[in-house]
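Below, each chain spelled out in residue letters.
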Amino acid sequence: MSLADFQQKAETLDKSDKLASFRNQFIQNEEIYLDGNSLGRLPKQSLELSKEIIENQWGNRLIRSWNEQWLDLPNRIGTKIAKIVGARPDEIFVGDSTSINFYKLAFAVLNYQQFKNKIITDSLNFPTDIYVLQGLINQQFKNHQLQILESKNGINISEDEIEAALDGSTALLTLSHVLFKSAYKYDMLKINQLARKKEALVIWDLSHSAGSVPVNLNENNADLAVGCTYKYLNGGPGAPAFLYVRKELQEKLINPIWAWFSHENPFEFSLAYSSKNNIQKFAAGTPTVLSLAATEPGLDLLIEAGIENLREKSIAQSNFFIELIQEYLLPLGFSIASPLDVNYRGSHISIQHDEGYRINRAMIEPLSGNRSIIPDFRPPNNIRLGIAPLYNTFTELLETVIRIEKIVSEKEYERFGIEKLAVT
Ligand SMILES: *Cc1c(COP(=O)(O)O)cnc(C)c1O
């Protein structure tokens, strides 16, 4: 296909895009933003709302706002997240960070599965999850073994390898639903079934799937999950994370952090701990009101757009992107480090090149006359291109590939050194 044909195709797809109007709900600037999988854009409404919360709820109403607005906030936000990930509202707790929620659930599972001592994860999982597991073994579950399944292709681990690792001694299997580098998407239902056969519990990390693909926790028979709200959910930097516990498991699992917000009656100030008996038993301290409240407009936009519609657009966009990459970038020494089969792919695409880091820099800091294009970089040589169907257009994807082609063919990246910035 010629460039003119690709241009025609991008324009046609943008014109017929049912979700096109959502782009205008976000603060936009000139640049092409392909990092919504790391920090989603700012919804205009979040700006308004944050001002109201700070000026009025905090500034004016002060402590009264706890009863007027804030105590109910975690439940209200949790209900919206539940809708997006296909869970019941009474199965989602929102608060703390993904790492802390993962710690709570992993601890609870290992404690509950007392007679089993094997933990399985994979080498493509997000490091924080692996660190938490290493810490639990180092400090508390000293006889447990962590088996990290090594990926052979850097993209995924096969279901057969997971099945072979699961055995009667497996307490916990934990995986990212969509892998942060390759965007490989596990078949959640199938893996839950495999684990169930061995009575292993599964914790899914939804950080790269919540808001980008239908997660359907209930339909897929999921036990447990954690995830963050600042990526595809557009909740803002460091916005609180969430956790999910299947209803039947809630009474069996104990939150290792006994704190006043998980107490059945925090405002009686009793000195004896007595846990709540619903999903709020997984709370710890005071909710982070400002950042929690600011997540709501992003969640509302996703719910309004509909996760199935978003997935449909994300599929069309990532397929279009791959077509372009195959046409323009593979001949320049790039390879695609994401699954080509969209059924096993989330909403970002990783491409690899020996000069990946410097090409990434040249995209972000272009020569004058060009607008900036923002992907991110993950070692050793992945350029991650995140597609957020709420605000990315097909035309942006075309411009990105054409720009990368130019950066490489004209060696524009040679302006940069190889030393890396703190946040890549
Ligand atoms: C982004 C991400 C996290 C982040 O954890 P925090 O504790 O919220 O910083 C965890 N897991 C995965 C898979 C992620 O992609």
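Residues numbered from 1 in each chain as written. Predicted model: local features only at pLDDT ≥ 70, side-chain atom pairs only at ≥ 80, totals over all residues. Heavy atoms only, no water.

As named in an unreviewed UniProt entry, the protein chain is Kynureninase, taken from Emticicia oligotrophica. Per UniProt, the protein chain carries the Function (unreviewed entry) text "Catalyzes the cleavage of L-kynurenine (L-Kyn) and L-3-hydroxykynurenine (L-3OHKyn) into anthranilic acid (AA) and 3-hydroxyanthranilic acid (3-OHAA), respectively." Per its UniProt entry, the protein chain bears the Subunit (unreviewed entry) comment "Homodimer." (UniProt positions renumbered as here; feature names shortened; annotations may be inferred.)

Draft legend 1. Region of the structure containing the nonpolar core. Core analysis: the largest hydrophobic core is formed by 57 residues, its most contacted members being Val85, Trp204, Leu206 and Leu217. Tallying contributions element by element places helix H4 (residues 73-85) first for this core, with six residues. Taken together, domain 1 (3-30 + 306-415) and domain 2 (47-303) each give at least three residues to this core, which thus spans both. Contact partners of Leu206, with chain neighbours within four places excluded, come to Val85, His177, Met188, Val215, Leu217, Ala225, Val226, Gly227 and Phe242. One finds Ile325, Tyr328, Ile336 and Val401 within the second-largest nonpolar core, a separate group that totals 31 residues. (Core = buried A, V, L, I, M, F, W, Y, C linked by side-chain atoms within 4.5 Å. Buried < 20%, exposed > 50% of the residue type's maximum accessible area, 1.4 Å probe, protein only. Helix = DSSP H or I, 4+ residues; strand = E, 2+ residues; numbered from the N terminus. Domains from an automatic or database assignment. Contact = heavy atoms within 4.5 Å.)

Draft legend 2. Just the sheet that holds strand E6 (residues 201-205), in detail. If you walk across this open sheet you meet the seven strands as E2-E8-E7-E6-E5-E3-E4, and the pairing is mixed. Strands at the two margins of the open sheet, each flanked by one partner only, are strand E2 (92-94) and strand E4 (145-149). Adjacent strand axes in the sheet meet at a mean angle of 15 degrees when their direction is disregarded. Sheet strands in contact with helix H6 (residues 127-139) are strand E3 (118-122), E4, strand E5 (170-176) and E6, and its direction is about 160 degrees off that of E4. Along the sheet, helix H8 (residues 188-197) makes contact with E5 and E6, crossing E6 at roughly 155 degrees. (Pairing = 2+ DSSP bridges. Axes fitted to C-alpha atoms, helices over the stretch in contact; angles between N-to-C directions.)

Draft legend 3. Seen up close, a nonpolar patch on the surface. Taken together, the side chains of Ile54, Trp58, Leu62, Ile63 and Leu290 make up a nonpolar region of the molecular surface, amounting to roughly 520 Å² of accessible area. Its location among the elements puts Leu62 in the loop between helix H2 (44-58) and helix H3 (65-70). When its relative accessible area of 47% is taken as the criterion, Leu62 is described as partly exposed. (Patch = residues over 30% accessible without salt bridge, like charges linked within 9 Å, V, L, I, M, F, W, Y side chains within 5 Å. Areas by Shrake-Rupley, 256 points an atom, 1.4 Å probe, with all protein chains shown as cover. Salt bridge = Lys/Arg side-chain N within 4 Å of Asp/Glu carboxyl O.)

Draft legend 4. Seen up close, the sheet that holds strand E9 (residues 335-336). Strand order in the open sheet made by the four strands is E9-E10-E13-E12, with antiparallel pairing throughout. Each end of this open sheet is capped by a strand with a single partner; those strands are E9 and strand E12 (376-378). As paired elements, E9 and strand E10 (residues 348-352) share two bridges and run antiparallel to each other. What sits directly across from Ser335, in E10, is Gln352. Set on the sheet, helix H12 (residues 356-364) makes contact with E12 and strand E13 (382-386); between it and E13 the angle comes to about 40 degrees.

Draft legend 5. Molecular detail of the domain arrangement of the protein chain. One can read the domain layout of the protein chain as domain 1 (3-30 + 306-415) and domain 2 (47-303). Using only C-alpha atoms to locate each centre, domain 1 and domain 2 end up separated by 30 Å. Of the roughly 2,100 Å² buried between domain 1 and domain 2 on both sides combined, carbon and sulfur atoms contribute 61%. Contact with domain 2 buries area across many residues of domain 1, yet Ile307, Tyr344 and His348 alone supply 28% of it, more than any other trio. The tally of links between domain 1 and domain 2 comes to zero salt bridges. (Buried area = accessible area lost by both parts, 1.4 Å probe.)

Draft legend 6. The arrangement of the pairing of E3 in detail. Buried residues dominate E3, accounting for five of its five residues. In this sheet, E4 lies alongside E3 in parallel orientation, the contact comprising five bridges. Across the sheet, Lys118 pairs through a bridge with Gln145, a residue of E4. In this view, the connection linking E3 to its parallel neighbour E4 by way of H6 has right-handed handedness. Pairing of E3 with E5 involves three bridges; the strand directions are parallel. Among the inter-strand pairings, Ile120 is bridged to a residue of E5, identified as Leu173. (Right-handed = clockwise from strand over helix to strand, strands pointing away.)

Draft legend 7. Broad picture of the layout of surface pockets. For the largest pocket, the calculated volume is near 320 Å³. Along the walls of the largest pocket sit 20 residues, with Pro74, Phe261, Gln280, Ala283 and Pro287 positioned nearest its centre. Of all the elements in the fold, those that place two or more residues in the lining of the largest pocket are H4 and E2. A per-class count over the lining of the largest pocket returns eleven nonpolar, seven polar and two charged. Here the second largest pocket is characterised by a volume of approximately 270 Å³. What lines the second largest pocket is a set of 15 residues, among which Asp35, Asp376, Arg378, Val423 and Thr424 lie closest to the centre. Here the lining of the second largest pocket takes four residues from H12, the largest share from any one element. For the lining of the second largest pocket, the class distribution of residues is seven nonpolar, three polar and five charged. (1 Å grid on protein atoms, 1.4 Å probe; cavity = no way out; pocket = protein on both sides within 12 Å on 5 of 7 lines; lining within 4 Å. Points joined across faces, edges and corners; volume = space filled by probe spheres on them. Nonpolar A, V, L, I, M, F, W, Y, C, P; charged D, E, K, R; others polar.)

Draft legend 8. Representation of unusual backbone geometry. Omega for the peptide link from Pro379 to Pro380 comes to 0 degrees, which places this bond in the cis form. Within the secondary structure, Pro380 sits in the loop between E12 and E13. Despite not being glycine, Asp96 shows a phi value in the positive range, around 60 degrees. Mapped onto the elements of the fold, Asp96 is located in the loop between E2 and helix H5 (98-112).

Draft legend 9. Fine view of the packing of H12 against helix H13 (residues 394-409). Here H12 crosses H13 at 120 degrees, and the two axes come no closer than 10 Å. In terms of orientation, H12 lies oblique with respect to H13. Considering how the two elements wind past one another, H12 and H13 form a crossing that is right-handed. Residues Ile359, Ala362 and Met363 of H12 touch H13, and the partners they reach there are Thr400, Arg403, Ile404, Ile407 and Val408. (Parallel < 35°, antiparallel > 145°, perpendicular 65-115°, else oblique. Left-handed = near helix turned anticlockwise from the far one by under 90°.)

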